[in-house]
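What the coordinates show
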Amino acid sequence: MILPGQDSHGNPYPHSISQQAYLKFLLSIFNQWVGIDDEDIEIRDLKSIIDLMLGGEFRECVYMGRCDIFATVYSDGSIYSCDALPKTREFYFGRVNQPVKDIRKSANLLKLIRMINIHKKFCGACEYFKICKSGCLQDYLPDLLKGGNSSCGDLKRYYTTVRSKLLEYDLL
Amino acid sequence: MAKKQVPKVLAKALLNSQSRIVASPWDKGHWANRK
């Protein structure tokens, strides 16, 4: 498994690759996958996108637009957001011994939901919104923290390439 | 012009496109990214 990864400032981790490099990799894999044409080979990241473009409902968490419904419970009982996000104070929601309703009302969780919704509103006009639902918060968090919105040009190129291939075979 | 033959992998994707499975972050392999 190769994943893009970056810290909350948008800098790739030393052991990781940039989103741009990751998408380039996915496109290369996509072309090879179609070229080899072996039904036994399934690539989840591609499967998600293709299924959604073909009208299916296979949706990985990164294409759900619901980063707020995934939490991480750590061994000390603390609850933070999805572990793809930094384990920092701003993503702390509470502890396992608290009532669930209190955790749901956590100021940090409510702030996260607001952030996601603002970003979704920004993405709403994009032709690919129905596919990515504004994407994974891990990817656009650095842009949000800088006060801007996600710049997902590479992601759009990825979607466009996959869509072009499906169009090429009259599948759309 | 003859229609291009659909690759088997894309034909299979078309058949399977009605799956309702939703994967979680765990399935996505995010353990590898733990801070």
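Rules and cut-offs
Residues numbered from 1 in each chain as written. Chains lettered and ligands numbered in written order. Predicted model: local features only at pLDDT ≥ 70, side-chain atom pairs only at ≥ 80, totals over all residues. Axes fitted to C-alpha atoms, helices over the stretch in contact; angles between N-to-C directions. Helix = DSSP H or I, 4+ residues; strand = E, 2+ residues; numbered from the N terminus. Parallel < 35°, antiparallel > 145°, perpendicular 65-115°, else oblique. Contact = placed C-beta atoms within 7 Å. Expected span 1.5 Å × (residues − 1). Buried ≥ 20, exposed ≤ 12 C-beta atoms within 10 Å, placed from the backbone. Arc of directions from axis to C-beta. Pairing = 2+ DSSP bridges.

What about the packing of helix H1 (residues 19-36) of chain A against helix H7 (residues 153-168) of chain A?
Residue and element names in this part refer to chain A. In the contact formed by H1 and H7, the axes pass within 9 Å of each other and the chain directions differ by 10 degrees. One element, H1, and the other, H7, form an angle in the roughly parallel class. Counted together, Gln 19, Gln 20, Leu 23, Leu 26, Leu 27, Phe 30 and Val 34 of H1 and Asp 154, Leu 155, Tyr 158, Thr 161, Val 162 and Lys 165 of H7 form the full contact between these two elements.

A word on H1 of chain A
Its 18 residues place the ends of H1 of chain A 25 Å apart at the C-alpha level, agreeing with the 26 Å of an ideal helix rising 1.5 Å per residue. Every buried residue of H1 of chain A is accounted for by Gln 19, Tyr 22, Leu 23, Leu 26 and Trp 33 of chain A. The buried residues of H1 of chain A all sit within an arc of 95 degrees when viewed along its axis, so they share a single face. Facing away from the buried side of H1 of chain A, by more than 90 degrees, are the exposed residues Ser 28, Asn 31, Gln 32, Gly 35 and Ile 36 of chain A. Considering only its buried residues, H1 of chain A is in contact with helix H2 (44-53), helix H6 (137-145) and H7 of chain A together with helix H1 (8-15) of chain B. Just downstream of H1 of chain A, Asp 37 of chain A is the residue with a positive phi angle, here 55 degrees.

What about the environment of Glu 90 of chain A?
By the secondary structure assignment, Glu 90 of chain A is in the loop between strand S3 (78-81) and strand S4 (92-95). Distance from Glu 90 of chain A to Tyr 80 of chain A, taken between C-alpha atoms, is 8.9 Å for residues 10 residues apart in sequence.

Brief notes about the environment of Leu 141 of chain A
Residue and element names in this part refer to chain A. Along the chain, the position of Leu 141 falls in helix H6. For Leu 141, a count of 24 C-beta atoms within 10 Å translates into the label buried. Through-space distance from the C-alpha of Leu 141 to that of Tyr 22 is 18 Å; in sequence the pair is 119 residues apart.

Focus: the sheet that holds S4 of chain A
All names here are of chain A. One open sheet holds the three strands; their spatial order is S2-S3-S4, and the pairing between them is antiparallel. A strand with exactly one partner marks an edge of an open sheet, and here the two such strands are strand S2 (71-73) and S4. Each strand of the sheet is rotated relative to its neighbour by a mean of 25 degrees, with strand direction disregarded. Here three bridges tie S2 to S3, and the two strands are oriented antiparallel to one another. In the strand pairing of S3, Val 73 is matched with Ile 79.

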